[in-house]
Amino acid sequence: MITVLGASGFIGSNVAAYLERSGLEFQAVARGQQWPAGPLGHVIYCIGVTSDFRERPYDAVDAHVCTLIDFVRCASFDSILYLSSTRMYRERTGVAHEDDDVSVNPLRFEDIYGISKVMGESIVLALGAKGRIARPANVYGPNQADTFLTLVLGEVRAGAIVFRTAPEAARDFVHVDDVAAVLAKIALGGKQRIYNIASGVSITNAELAEAIARLSGCSVTFARDAAPAVLPRIDNERIRSEFGFTTMPLIDALPSLLGSRQ
């Protein structure tokens, strides 16, 4: 039995859909619902605030920490898989591995997201063998709320796209269907404590802009004050070696994503 908490969100709803397609026994708990009484089996904790955490910082802390504490104190479960984020590696350079140290600074408002995720991870890892962590990269797919990618693609109809981050800025993108499948596998039998869920390949804004312009005919430019941030490449050796993980490259998925926007 798998219990998906946060099953009305983007990742959670896709996890529930994958479990249903696969014929696996599961129950889905939507946002605001109380989890069922009794044993919950293997829990996938998808409750979280993502793209709008700057406008909802206290909601983010509540979702990532407070609700989690209430759950682990009161619920009956065999294991819990907590969704964190590769944003934890923002201060690193080179390649980011699961066992690398992460750094947060309370003087930076933006770090409230990372601080809350660090606390959530610590709570889950304190459970010993019952607790696992998944750190997804930039998850994309149909019907997604506002993210960097959806905001960029949302400008297609206007015929002109302006990137607010520099051409050399690079991100790792991973398809939500592949994320959902590997989350289920980790929940049911993952051997490690922490997993990066990523393609392992970073795509620069320049590469993304060229592909969008070629496929859509849009004018694509970069703002003069575009931020030069370059994030580390996310190592995904653990999920590749343990689960044979692969994911659809974002460039290959762009025709479908653009088609839904035009």
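Residues numbered from 1 in each chain as written. Predicted model: local features only at pLDDT ≥ 70, side-chain atom pairs only at ≥ 80, totals over all residues. Heavy atoms only, no water.

## As for the pairing of strand β10 (residues 194-197)
In step 1: Side chains I194 and N196 of β10 all project onto a buried face; the interleaved residues Y195 and I197 project onto the opposite face, where all are buried too.
In step 2: Where strand β6 (residues 131-136) lies against β10, 4 bridges are found, and the strand directions are parallel. Bridging from a neighbouring strand, P136 pairs with I197 of β10. (Buried < 20%, exposed > 50% of the residue type's maximum accessible area, 1.4 Å probe, protein only. Helix = DSSP H or I, 4+ residues; strand = E, 2+ residues; numbered from the N terminus. Pairing = 2+ DSSP bridges.)

## Focus: the nonpolar core
In step 1: Of all hydrophobic cores here, the largest spans 33 residues; its most connected members are V15, I44, L183, I186, I197 and I239.
In step 2: Of all the secondary structure elements, the ones that give two or more residues to this core are β1 (2-5), α1 (10-22), β4 (79-83), α5 (176-189), β10 and α7 (237-243).
In step 3: Element by element, the count of residues in this core is highest for α5, at 9 residues.
In step 4: With near-sequence residues (within four places) excluded, V15 lies in contact with V4, I44, A180 and L183. (Core = buried A, V, L, I, M, F, W, Y, C linked by side-chain atoms within 4.5 Å. Contact = heavy atoms within 4.5 Å.)

## Quick notes on the sheet that holds strand β9 (residues 170-175)
In step 1: One open sheet holds the 3 strands; their spatial order is β7-β9-β11, and the pairing between them is mixed. Taken across any chain shown, the strands that pair with only one partner, and hence form the sheet edges, are β7 (138-140) and β11 (202-204). When the angles between neighbouring strand axes are averaged without regard to direction, this sheet yields 50°.
In step 2: Two strands pair when backbone bridges link them, and β7 and β9 are joined in this way by 3 bridges, in the parallel orientation. By the bridge assignment for β9, Y140 is matched with H175.
In step 3: Most of the contacts of helix α6 (residues 205-216) go to β11, to which it runs at about 65°, and overall it touches β9 and β11.
In step 4: Contacting β7, β9 and β11, helix α8 (residues 250-259) runs over the sheet at an angle of about 40° to β7. (Axes fitted to C-alpha atoms, helices over the stretch in contact; angles between N-to-C directions.)

Distances and angles like these do not, on their own, reveal function.
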